[in-house]
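Residues per chain, in single letters:
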Amino acid sequence: MRKIIISTESGSDLPLDLIKQYNIQVVPMHVIMDEQNYPDGSIPVTMVYDYYQQTKKIPSTSSTNPNEYESFFRKINEDNPGCAIIHIAYSSKASSTYQNASIAIKEFDNIYLVDSMNVSGGEAAIIVKSAELAEKSTCTEPEKLVEEIKTFVSRARASFIPGNLEYLKAGGRVSNAAYLGASLLQLKPLIEIIEGKLVSTKKFRGKMRRIAEDYINEIINHYNLEKDRIFLLYSLGLDEEIKVQMEQIVKENNFNKVQWIQTGCVISTHSGPGAIGIAGFEIQ
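Residues numbered from 1 in each chain as written. Predicted model: local features only at pLDDT ≥ 70, side-chain atom pairs only at ≥ 80, totals over all residues. Heavy atoms only, no water.

**What to know about helix H3 (residues 66-79)**
With 14 residues, H3 extends 20 Å between its outermost C-alpha atoms, agreeing within 8% with the 20 Å of an ideal straight helix rising 1.5 Å per residue. Taken residue by residue, H3 has Tyr69, Phe72, Phe73, Ile76 and Asn77 as its buried positions. Seen end-on, H3 carries its buried residues on one side only, within an arc spanning 135°. Residues of H3 that are exposed and point over 90 degrees away from its buried face: Asn67, Ser71 and Glu78. Here H3 starts with a cap whose side-chain oxygen sits 3.0 Å from the backbone nitrogen of Asn67, and that cap is Asn65. (Helix = DSSP H or I, 4+ residues; strand = E, 2+ residues; numbered from the N terminus. Expected span 1.5 Å × (residues − 1). Buried < 20%, exposed > 50% of the residue type's maximum accessible area, 1.4 Å probe, protein only. Arc of directions from axis to C-beta. Polar contact = N/O pair within 3.5 Å; in protein donor to acceptor, adjacent residues only side chain to side chain.)

Structure (structure tokens):
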């Protein structure tokens, strides 16, 4: 049977244990501070937070470029002769990663590109599902596996609530007036991934502990998510008691397995410390 390799970008925030378990190949995106370019994953997330505290600016982020993709795919082929590569890309609506990967794969005839239409934990959920399908599949045709993966892309549901609105303001994603109003009223926006785009759909009010409870319950009640596994997202700086609370809520709702996803530098640049999120697959 032809070996199938699953690959992705660092913006998926895939935990190291899952990367090792499924032999997933990860190419870094980039974080830029004071014109210094850092591959995502090469620096701790706390460096992003420190930079904001010192400058009141958030780092900029950039996609993996076509040359980097080409080198990345070439190395996978060298290490795995005769393999097929299925690359699960960061949403084409949120970054140029998918377009850049599309340029790079023209040099190869064994790479299949899938637009995850998702980011961070939502993308991670799709990648894990893809790796499991690849392990179980007796099919030697990667095209058929790709079509199956795309059905899960259409069913993936992911969202998050930023931990610190200052990061959204500094990044130009909310106006100063909107930021002041939200801060005074203790409002936090719900950001949902809809058709590959990050869309603010509503606001929650109160302290993060209350917001976490309301948010998790609302998502679970709104979407009929598969019960075998759910992905919970957080960024560094989140109170451990809130993590315990989130896990308790999903277990009380009969989810069998909880997979925690810590956001890396790319996502944390926009969400700030203390963000929370949830991802899973809707039953259709």
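**Let's talk about the sheet that holds strand S13 (residues 276-281)**
The sheet built from six strands is open, its strands ordered S10-S9-S8-S13-S11-S12 with mixed pairing. Of all the strands in the sheet, the pair left with one neighbour each is strand S10 (197-205) and strand S12 (258-262). Averaged over all adjacent pairs, the angle separating strand axes in this sheet is 20°, with direction ignored. Pairing of strand S9 (residues 187-194) with S10 involves eight bridges; the strand directions are antiparallel. Pairing of Ile191 across the sheet is with Ser200, part of S10. (Pairing = 2+ DSSP bridges. Axes fitted to C-alpha atoms, helices over the stretch in contact; angles between N-to-C directions.)

**Digging into the sheet that holds strand S1 (residues 4-9)**
Strand order in the open sheet formed by four strands is S2-S1-S6-S7, and the pairing between neighbours is parallel. Sheet topology places strand S2 (25-27) and strand S7 (111-115) at the edges, where each strand pairs with a single neighbour. Direction aside, the axes of adjacent strands within the sheet are offset by 25° on average. Here three bridges tie S1 to S2, and the two strands are oriented parallel to one another. The residue bridging Glu9 from the neighbouring strand is Val27, located in S2. This element, helix H4 (residues 97-104), spans S1, strand S6 (84-89) and S7 of the sheet and lies at about 165° to S7. (Contact = heavy atoms within 4.5 Å.)

**Section: the side chain of Glu132**
Its place among the elements puts Glu132 in helix H5 (residues 120-136). The exposure class of Glu132 is buried, given its relative accessible area of 15%. Those residues in contact with Glu132 that sit more than four places away from it in its chain are Tyr22 and Arg229.

**Comments concerning the packing of aromatic side chains**
With the rule as written, the count across this model stands at six aromatic pairs. Centroid distance Phe73 to Phe108: 6.2 Å. Interplanar angle 75°. Geometry classified as edge-to-face. Linking Phe73 in helix H3 with Phe108 in the loop between H4 and S7, this pair joins segments that are 35 residues apart in sequence. Look at Phe73 and you get buried, because its relative accessible area is 0%. Feature note: the residues Tyr69, Phe72, Phe73 and Phe108 constitute an aromatic cluster, connected by ring pairs. Above the plane of the ring of Tyr234 lies Lys243, whose end atom (NZ or CZ) is 3.9 Å from the centre. (Phe/Tyr/Trp six-rings, centres within 6.5 Å; stacked < 30°, edge-to-face > 60°. Lys NZ or Arg CZ within 6 Å of the ring centre and 35° of its normal.)

Geometric descriptors of this kind do not, in isolation, establish any biological role.
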